[in-house]
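Report on the structure
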Amino acid sequence: MIIDCHGHYTTIPSSVAAWRQRQTAPSADPTLIGGRGELEVSDEEIRETIEGAQLRMQRERGTDLTIFSPRASWMGHHIGNLETSISWSRLQNDLIRRVSDLFPDSFAPACQLPQTPGEPLDAALEELERCVLEMGFVACNVNPDPTGGYWTGPPLWDAYWAPLWEKLCELDVPAMMHVSASANQNFHTTGSHYLGSDTTVFMQALSSGFMNDYPGLRWIIPHGGGAVPYQWGRLLGMAHDQGWDFWSVLDHIYFDTCVYHQSGIDLLLDVVPTQNVLFGSEMIGAVRGIDPTSGRHFDDTKFYIDNADLEDDERRMVLSENALRVFPRLGVGT
Ligand SMILES: [Zn+2]
């Protein structure tokens, strides 16, 4: 079974986008905070938005199952207040569950969490438990910078985050460390904010060593790990100089393969231990076009992995076996 660890519901029905606009408008309809108002989404609408998009591409590319979460750039944790974020997260996660119910063999659900700058994580823990224990979710997305590109919150080693790390260990689910849209015009959302965050998350883990306090804690760093594989020698050298335990970080951290050219994938697979790489494409995401030099979609990362210089058993690890290890709940009736 070929498992794509990184997919979002980017083709969400337009009525949901309109709902979110109303919820976050300056004169927001108060019934959309703490409730859903009139919004109804039919199974037919969900089918239509999936069948011609993610499902068709899965079939064309020969992948089987996608770990599927709400659109990351729309999580928008910096918008509104905690109540805004709770309502939005619940609505989005409920939709993801319905996608998985309609296409149980093709999509396994991962949730977004209600995080708001300056607020405690209790609501996030509550939503995580609801999704995992009541709705069979297999993973979640954690936003390391809910301020949307200002990074004024506590770093990931801070005691602020400890209850979330404990809960992830208790539930045995991994977290993809995925920021949302940039509210800071200095950072392009998918071009620099995402990749800067991926690098930042790794550095916070490496320089603090805090993950060793949580033996079962597992993070997936998306987008191929930002600059980390490319700058592997720099980070390894810094660890050597500073006395940081570089290799123990890899007991906890996995990199996806959302790198959209062959040379980048080759470097990732060459540098990062094979057991720490998970196939991911983030298809119908940041880059939707076709590479004129190959005639294939830039985000068809399975094509690059198929063409990479890997032994068969290594390719199986990347495409399937590593994911089954990192997402143990995949086997528990998703
Ligand atoms: Zn993503």
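Residues numbered from 1 in each chain as written. Predicted model: local features only at pLDDT ≥ 70, side-chain atom pairs only at ≥ 80, totals over all residues.

Considerations on the overall build of the protein chain
Scanning the protein chain for helices and strands turns up twelve helices and ten strands. For a compact globule of 334 residues, the expected C-alpha radius of gyration is about 20 Å, and the protein chain comes in at 19 Å, within 12% of that figure. Projecting the C-alpha coordinates of the protein chain onto the three principal axes gives extents of approximately 55 × 45 × 40 Å. Partitioning the contacts of the protein chain with sequence separation of at least 6, the portion at a separation of at least 24 is 78%. (Helix = DSSP H or I, 4+ residues; strand = E, 2+ residues; numbered from the N terminus. Rg over C-alpha atoms; globule rule 2.2 N^0.38 Å. Contact = placed C-beta atoms within 7 Å.)

Topic: the nonpolar core
Judged by nonpolar contacts, the single largest core of 69 residues is most densely connected at A139, C140 and L278. If we ignore the near neighbours within four places in the chain, the residues touching A139 are I67, A110, V173, P174, M176 and F327. (Core = buried A, V, L, I, M, F, W, Y, C linked by C-beta atoms within 7 Å. Buried ≥ 20, exposed ≤ 12 C-beta atoms within 10 Å, placed from the backbone.)

What about the sheet that holds strand β1 (residues 3-9)?
A sheet is described by the order of its strands in space; here eight strands give the open sequence β1-β2-β3-β4-β5-β6-β7-β8, paired in parallel fashion. Strand pairing shows two members of the sheet lacking a second neighbour, β1 and β8 (277-278), which therefore form its edges. Where strand β6 (residues 219-221) lies against strand β7 (residues 253-256), three bridges are found, and the strand directions are parallel. Its bridge partner lying in β7, I220 is registered against Y254. (Pairing = 2+ DSSP bridges.)

Comments concerning the environment of E282
Within the secondary structure, E282 sits in the loop between β8 and β9 (290-291). Judged by local crowding, E282 falls into the buried class, with 26 C-beta atoms found within 10 Å. In sequence terms E282 and D101 are 181 residues apart; their C-alpha atoms lie 21 Å from each other. For E282, the residues in contact, after removing those within four places along its chain, are H6, G7, H8, C258 and D299.

Details of the pairing of strand β2 (residues 65-70)
Along β2, six of the six residues are buried, which leaves the element largely enclosed by surrounding structure. Judged from the five bridges that link them, β1 and β2 form a sheet pairing that is parallel. In the sheet register, H8 faces β2, and the bridge partner there is S69. Of the strand pairs in this sheet, β2 and strand β3 (residues 107-112) are connected by three bridges, and their pairing is parallel. Paired with F68 across the strands is P109, a residue of β3. Once the chain exits β2 it traverses helix α4 (residues 82-102) before rejoining the sheet at β3, and the crossover so formed is right-handed. (Right-handed = clockwise from strand over helix to strand, strands pointing away.)

Brief notes about the pairing of β3
In terms of residue burial, β3 counts as a mostly covered element, since six of its six residues are buried. Of the two faces of β3, the one carrying F107, P109 and C111 and the one carrying A108, A110 and Q112 are both buried. Both β3 and strand β4 (residues 139-142) contribute to a ladder of three bridges, which runs parallel. By the bridge assignment, C111 is partnered in β4 with C140. As a crossover connection, the stretch from β3 through helix α5 (residues 122-135) into β4 is right-handed.

Details of the environment of H261
Its location among the elements puts H261 in the loop between β7 and α10 (262-271). On a C-alpha basis, the gap between H261 and V138 in space is 29 Å, while along the polypeptide they are 123 residues apart.

Here we look at the environment of Q204
As for its position among the elements, Q204 is in helix α7 (residues 189-208). The sequence separation of Q204 and W157 amounts to 47 residues, and the corresponding C-alpha distance is 7.0 Å. With sequence-adjacent residues up to four places away left out, Q204 is seen in contact with P155, L156 and W157.

Observations regarding unusual backbone geometry
Phi is positive for E282, which is not a glycine, with a value near 50 degrees. With a phi angle near 55 degrees, I284 is a residue other than glycine that sits in the positive phi range. Assignment of secondary structure puts I284 in the loop between β8 and β9.

Observations regarding the packing of helix α2 (residues 43-51) against α4
Contact pair α2 / α4: the axes reach a minimum separation of 10 Å and the direction vectors enclose 80 degrees. Judged by the inter-axis angle, α2 sits roughly perpendicular to α4. Every residue of α4 that contacts α2 at D43, I46, R47 and I50 is listed here: R98, V99 and L102. Across the contact of α2 with α4, the residue classes tally to four nonpolar, no polar and three charged. (Axes fitted to C-alpha atoms, helices over the stretch in contact; angles between N-to-C directions. Parallel < 35°, antiparallel > 145°, perpendicular 65-115°, else oblique. Nonpolar A, V, L, I, M, F, W, Y, C, P; charged D, E, K, R; others polar.)

Re α10
Taken residue by residue, α10 has I265, L268 and L269 as its buried positions. Down the axis of α10, the sector holding all buried residues measures 90 degrees, keeping them to one side. Against the buried residues of α10 lie β7, β8 and α11 (301-307). (Arc of directions from axis to C-beta.)

Considerations on the packing of helix α1 (residues 14-24) against α4
Viewed as axis vectors pointing N to C, α1 and α4 meet at an angle of 175 degrees, and their least axial separation amounts to 11 Å. With respect to α4, the element α1 is oriented roughly antiparallel. Along its contact with α1, which presents V16, R20, Q23 and T24, the element α4 presents T84, W88 and L95. A class-by-class count of the residues in the contact of α1 with α4 yields three nonpolar, three polar and one charged.

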